[in-house]
Amino acid sequence: MRVFSSWSGGKDCMLALHRSLVGGEHQLVALLNMCDLESGYSRSHGLKKELLQRQAEAMNFRLVQQGTTNGQYEKDFKAAILRMKEEDGVEAGIFGDIYLMEHREWIERVCADLNIVPLFPLWGDKTENLAYELVDAGFLPLIVSVRESMLSKDFLGRTYNREMIEDLRQLDGVDICAENGEFHSFVIDGPLFNKPVQLEKGEIYFEDKHWFLELN
């Protein structure tokens, strides 16, 4: 099928895409990234739009960045998918959800409205298995934000690898794939990449109960 991938630049959407492309039965049309219309930052992980563009270019994938505002997300999300359906023949979307049923139900409803097939390559798998599959495949995610109540800002800028996974396993109530919003990541290299993403680590700042690492 001709597919798009719902895209944050982080580890879960990356692994979902990787799994979907390995079998060869899907053809990727584009990555779909939702951005704040005013600030120019990605809505999901607080990354600059340019970083997502750099990441897509490093993988030689087309990136569709759809601007949106509070209260208009679903409308704008649907509009972007509809354009890809009409112009590129998109039939399905890839989503990196693992076990948050409320979000899956929202995706399924939105896709049903557009007659698009939602694909969930990671759904129901143990987060421990997914974490090790990701790093053992050679993907290199950087931790770019942490929720203050769950993780120390010392995790910012660390590579999500076996060492970090073991550190996370020692913390009570922390999901090692961050399914409870513990942290967000940005993947800079791996088997889907032709070259690493070039970036520089900037300042650490606090906003809306999260610590963020600025990437440039």
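Residues numbered from 1 in each chain as written. Predicted model: local features only at pLDDT ≥ 70, side-chain atom pairs only at ≥ 80, totals over all residues. Heavy atoms only, no water.

A. Molecular detail of the pattern of salt bridges. The final tally for this structure, using the stated rule, is 16 salt bridges. The partner of Lys48 in a salt bridge is Glu214, and the shortest N-O contact between them spans 3.3 Å. In this pair, Lys48 sits in the loop between β2 (27-36) and α2 (49-59) while Glu214 sits in strand β9 (residues 210-215), placing the two residues 166 residues apart along the sequence. Looking at Lys48, the relative accessible area reads 22%, which means it is partly exposed. When its relative accessible area of 17% is taken as the criterion, Glu214 is described as buried. (Salt bridge = Lys/Arg side-chain N within 4 Å of Asp/Glu carboxyl O. Helix = DSSP H or I, 4+ residues; strand = E, 2+ residues; numbered from the N terminus. Buried < 20%, exposed > 50% of the residue type's maximum accessible area, 1.4 Å probe, protein only.)

B. How the structure looks around the pairing of strand β6 (residues 140-147). Of all the 8 residues making up β6, 6 are buried; the element is thus mostly covered by neighbouring parts of the structure. As defined by bridge partners, β6 adjoins strand β7 (residues 183-189) across 6 bridges and the pair is classed as antiparallel. Paired with Leu140 across the strands is Asp189, a residue of β7. In the sheet, β6 pairs with β9 via 3 bridges, with the strands oriented antiparallel. Across the sheet, the residue bridging to Arg147 is His210, located in β9. (Pairing = 2+ DSSP bridges.)

C. Structural context of the environment of Gly46. Tracing the chain through its elements places Gly46 in the loop between β2 and α2. Remark: the alpha-carbon pair of Gly46 and Cys35, spanning 11 residues in sequence, is separated by 9.0 Å. Setting aside residues no more than four positions away along its own chain, Gly46 makes contact with Tyr41 and Tyr205. (Contact = heavy atoms within 4.5 Å.)

D. Examining the pairing of strand β8 (residues 201-207) more closely. In this sheet, β9 lies alongside β8 in antiparallel orientation, the contact comprising 5 bridges. Bridge pairing links Phe206 to Trp211 in β9. Linking two consecutive strands that pair antiparallel, namely β8 and β9, is a turn of 2 residues; a positive phi of about 50° is found at Asp208 within it.

E. How the structure looks around unusual backbone geometry. Despite not being glycine, Asn60 has its phi angle at roughly 60°, a positive value. Mapped onto the elements, Asn60 comes out in the loop between α2 and β3 (63-68). For Asn60, a relative accessible area of 62% puts it in the exposed group. Despite not being glycine, Asn115 shows a phi value in the positive range, around 60°. Mapped onto the elements of the fold, Asn115 is located in the loop between α4 (101-114) and β5 (117-119).

F. Geometry of helix α1 (residues 11-22). With 12 residues, α1 extends 16 Å from end C-alpha to end C-alpha; this agrees with the ideal 16 Å at 1.5 Å per step. Where burial is concerned, most of α1 is hidden: 9 out of the 12 residues are buried. If you check which residues of α1 are buried, you get Lys11, Asp12, Cys13, Met14, Leu15, Ala16, Leu17, His18 and Ser20. Where α1 terminates, the next one or two residues include Gly24, which has phi positive at roughly 85°. (Expected span 1.5 Å × (residues − 1).)

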